[in-house]
Amino acid sequence: MGSVDSINVKELPEEECWLLFRRLAFFGMSQKECQKFEKTGRQILSKCKGLPVAVKTIGSLLRFKKHREEWQSILDSELWKLEELEKDIFRPLLLSYNDLPSMIKRCFVYYAIFPKDYRIDKDYLIKLWMAHGYLKEYENKVMELVGQEYFDYLVSRSFFQQFEKDDDNNIYGCKMHDLVHDFAQFLSKNECISIEVDGLKDPIINSSYHEQVCHVMVTIHRNGSFPDSILSLKRIRSFLYNFDDSSGPLAPNMLPKLFGELTCLKALSIGGNDIHNIPKEIGKLIHLRYLDLKNLEMRKLPEELCGLYNLQTLDISNCINLEELPQGIGKLINLRHIENDRVWSLRYMPIGIQRLTNLRNLTSFVVGNDNKACNLKGLKYLLILHLDFRKDEGERTNEDDETLLEKLKQPLNLEKLCLENYKGNTILFHRMMSLTKLKELKLYECKNCKHLPPLGKLSSLESLSIWRMKSMKRVSNEFLGIESDSTSSSFIFFPKLKNLGFYNMDEWEEWNYKIIRKGEEDDDITIEFSDMEEWKEWDYEITIMPSLVSLQIECCPKLKALSNHLVQNTTLKKDIYECPLLRYD
């Protein structure tokens, strides 16, 4: 293949560089402060050689330097003069890298294990950092939150790009610029490598750095075979199999060798392969902290897995044939995350799960009738729970689901909860008000529920999304938690709610609240929440969703109007689609 014309991409012009630089470096400064730093800033900028990624990185570094002496120190740094650096681009990157705290430096360099243009999942990366001991708990912050802080720090310094965000504007995926990736590889000094196997020939791993390699990601294309030379890397701590559209399978007969030889592994990812059996040799990986088996074909896991006492994360997502977890799972005392999304074939959760006092996240809980099964009372340490009522749907009654949900009074520390395919007529939240730490709630396909539960009483709730509640026609007092005979004159509902979404609510027509209080002659007096002046007359202090910043409503064809408190909120971001009758201005 060839091209008619080639385009030589030149450096960014000086003034364009300056606009990009000042947007980052002068962020939050007054015009007077900007003038004070401009001369030094332009001198620093000239050393970036017109390379946008260098400008962005050094600008992000200076954004956090508020004294002229700090800027002058950057300008005078000896690093600009280093001749042994392979590329000019590395000099500004090295200045920014040297300014990182030592623990975050290790987190950055670890990215060199991934190939260029690799899309990384943020939570995946944080769990890998955690597996290698890069995240230390401090000031009562758990490792996952420390990892989030480290990730955000690297984002603020422009080491990541091409962000993927969820509906709440939170980053869940990103990539690294090719030049920044080269820099990470330069710093890793062959400690982190990415290997591609394309063909039958075993890729050559230079014996001179066998002792240096600690972390390996392998991509085996369809016509390739597993490189035996990897088994000679006795010191490696990470073996990650990169499964994508061009990948070939990892031969199952390689697993006993892999597990038997690479006994120092702390992170192992073999998900996506056509593997029907996990050999007992996995029990030899006693240092393992992260294990990714997602998308595999096995029906059960070996009991030997329960000897991996250091394991923190077990990912079995999309293992659609998996029927049971090992009975000895309670021995995994350090287990924090069980990712079992879309494992529909699981028959129950082993009773030993209730002994996992460090367990923070269980994607989906399966309730079984077996005497080996754990019930919901065993989840008192859990922080994240997804309850899917889809299994054996034809054999259950509405009352069965309501009885099961009633038992959710037990896990008091829940921070995230998702209910899906619930068949009950009522969501019994009057017994769930003990969930004082609940921050995120999602309700999917609760098709028989005609009314929303009193969610306004959840004092810590920050995010709420409701999908396909087919029987609900109105949102009124019960949503906020107003009792019909309330004698109070002061109300605050949803005090911390930031994001609220309703989706595919086919029958929803009305959204309004009313207070009924006794008049002087015992006549009921109704005050609607749209009657603002009447509130004041009756000395009512009513606050609804004071922290709300985002409202999303999609595919609600019968809804005619929003509640008045939302209409009057002029700073609220409203994203409303396919609601032809809705007036909200």
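Residues numbered from 1 in each chain as written. Predicted model: local features only at pLDDT ≥ 70, side-chain atom pairs only at ≥ 80, totals over all residues. Heavy atoms only, no water.

The next subject is helix α4 (residues 68–75). Taken as a whole, α4 has its buried residues at Trp71, Ile74 and Leu75. All buried residues of α4 fall inside an arc of 100 degrees around its axis, so they share one side. The secondary structure elements touched by the buried residues of α4 are α1 (14–25), α2 (31–46), α3 (52–62) and α5 (90–98). (Buried < 20%, exposed > 50% of the residue type's maximum accessible area, 1.4 Å probe, protein only. Helix = DSSP H or I, 4+ residues; strand = E, 2+ residues; numbered from the N terminus. Arc of directions from axis to C-beta. Contact = heavy atoms within 4.5 Å.)

Look at α1: 16 Å from first C-alpha to last across 12 residues, which is about the 16 Å you get at 1.5 Å a residue. Residues of α1 that are buried include every one of Cys17, Trp18, Leu20, Phe21, Leu24 and Ala25, and no others. (Expected span 1.5 Å × (residues − 1).)

At Gln162, a residue that is not glycine, the phi angle is positive and equals roughly 50 degrees. In this structure, Arg342 takes a positive phi of about 60 degrees despite not being glycine. By the element assignment, Arg342 lies in the loop between β10 (337–339) and β11 (361–362). On the basis of relative accessibility, which here comes to 37%, the residue Arg342 falls in the partly exposed class.

Counting across every chain of the model gives 24 salt bridges. Between Arg119 and Asp121 there is a salt bridge whose closest N-O contact spans 4.0 Å. On the accessibility criterion, Arg119 (30% relative accessible area) is partly exposed. A salt bridge links Glu261 to Lys234; its shortest N-O distance comes to 2.4 Å. Note that Glu261 is positioned in helix α10 (residues 255–261) and Lys234 in the loop between β5 (215–220) and β6 (238–241), a separation of 27 residues in sequence. Here Glu261 falls in the partly exposed class, since its relative accessible area comes to 35%. Residue classification places Lys234 among the partly exposed positions, given a relative accessible area of 42%. Sharing partners across several salt bridges, the network here consists of Glu137, Glu144, Arg336 and Arg360. (Salt bridge = Lys/Arg side-chain N within 4 Å of Asp/Glu carboxyl O.)

Another aspect to go through is the packing of α3 against α5. Axes are the key here: two packed helices are described by the angle between their axes and the distance separating the axes. Where α3 contacts α5, the axes come no closer than 9 Å and their chain directions differ by 25 degrees. Taken as axis vectors, α3 and α5 run roughly parallel relative to one another. As α3 runs across α5, the sense of the crossing is left-handed. Contact residues: α3 offers Ala54, Thr57, Ile58 and Leu61, while α5 offers Pro92, Leu93, Leu95 and Ser96. Looking at the contact of α3 with α5, its residues break down into six nonpolar, two polar and no charged. (Axes fitted to C-alpha atoms, helices over the stretch in contact; angles between N-to-C directions. Parallel < 35°, antiparallel > 145°, perpendicular 65-115°, else oblique. Left-handed = near helix turned anticlockwise from the far one by under 90°. Nonpolar A, V, L, I, M, F, W, Y, C, P; charged D, E, K, R; others polar.)

Purely geometric stuff here, so don't read any function into it on its own.
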